[in-house]
Amino acid sequence: MSFATADLHDQHEHRVLVLTPMLSDYGGKRRFSGPIATVKVFEDNSLVRAALEEPGAGKVLVVDGGGSLRCALLGDKLAELASRNGWAGLVVYGCIRDAAAIATIPIGLKAVNTNPRKSVKQGAGDRDIPVRFAGVTFTPGWFLYADEDGVLISEQSLA
């Protein structure tokens, strides 16, 4: 699907929500979209891995990491897993690591920042629940559109 978030906003202004600008591009794809799946974790990426081990079917995994900058919730191995399993992209409210390697992987990835420290693995968190950050609520099944201009979400597909 070819789109630009600016054009989608102009065409559907009253049907979309725009994220507060706070995320940077890290993946090999700058433009990605798909239905939303969510995980809510804090400094523990066990549920991120569990989600990415499943077929993505073109979905976007939204990771609410509480905005923590103390460790990374995703690195190159999980980004490769996401790409291999058909995820369209990831939006991480937290940090990633292995940024140079991730830039070569064909996956969309936006995150707050980078940190070389890995997360703990205790299996804590929630999956497929509404999560809120960047001024919007991400509801599983809604649609996310991301490109160089930012990220927007919509209850219905805009394709």
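Residues numbered from 1 in each chain as written. Predicted model: local features only at pLDDT ≥ 70, side-chain atom pairs only at ≥ 80, totals over all residues. Heavy atoms only, no water.

J.: Let's hear about the overall build of the chain: which residues, and what values?
T.: The helix and strand tally for the chain stands at four helices and eleven strands. A compact globule built from 159 residues should have a C-alpha radius of gyration of about 15 Å, and the chain, at 14 Å, falls within 12% of that. Along the first, second and third principal axes, the C-alpha set of the chain runs to 40 × 30 × 30 Å. When each of the 159 residues of the chain is scored for burial, the buried share is 48%. The contacts in the chain between residues at least 6 apart in sequence include a share of 73% that link residues at least 24 apart. Accessible area of the chain: about 7400 Å², with a carbon and sulfur share of 49%. (Helix = DSSP H or I, 4+ residues; strand = E, 2+ residues; numbered from the N terminus. Rg over C-alpha atoms; globule rule 2.2 N^0.38 Å. Buried < 20%, exposed > 50% of the residue type's maximum accessible area, 1.4 Å probe, protein only. Contact = heavy atoms within 4.5 Å. Areas by Shrake-Rupley, 256 points an atom, 1.4 Å probe, with all protein chains shown as cover.)

J.: Can you break down helix α3 (residues 76-84) residue by residue, with the values?
T.: Along α3, the positions that sit buried rather than exposed are D76, L78, A79, L81 and A82. Its buried side turned inward, α3 meets α2 (46-52), β5 (89-96) and α4 (99-102). Positive phi shows up at G86, right after α3, with a value of about 85°.

J.: So what's going on with the pairing of strand β10 (residues 143-147)? Residues and values would help.
T.: The buried fraction of β10 amounts to four of the five residues, a majority that puts the element mostly inside the structure. Of the pairings in the sheet, the one linking β10 to strand β11 (residues 150-154) comprises five bridges and is antiparallel in character. Bridging across to β11, L144 finds its partner in I153. The turn joining β10 and β11, which pair antiparallel and follow one another in sequence, is formed by two residues. (Pairing = 2+ DSSP bridges.)

J.: A description of the nonpolar core should follow, citing residues and the corresponding values.
T.: V48, L52, L61, L74 and L90 are the most contacted members of the largest nonpolar core, which has 25 residues in total. Elements supplying a minimum of two residues to this core: β3 (32-40), α2, β4 (60-64), α3, β5 and β6 (108-114). Sequence-distant contacts of L61, that is, excluding residues within four places in its chain, are made with A37, T38, V39, V48, A51, L52, W87, G89, L90 and V91. By size, the runner-up hydrophobic cluster in this structure holds 18 residues, among which are A88, V91, A146 and I153. (Core = buried A, V, L, I, M, F, W, Y, C linked by side-chain atoms within 4.5 Å.)

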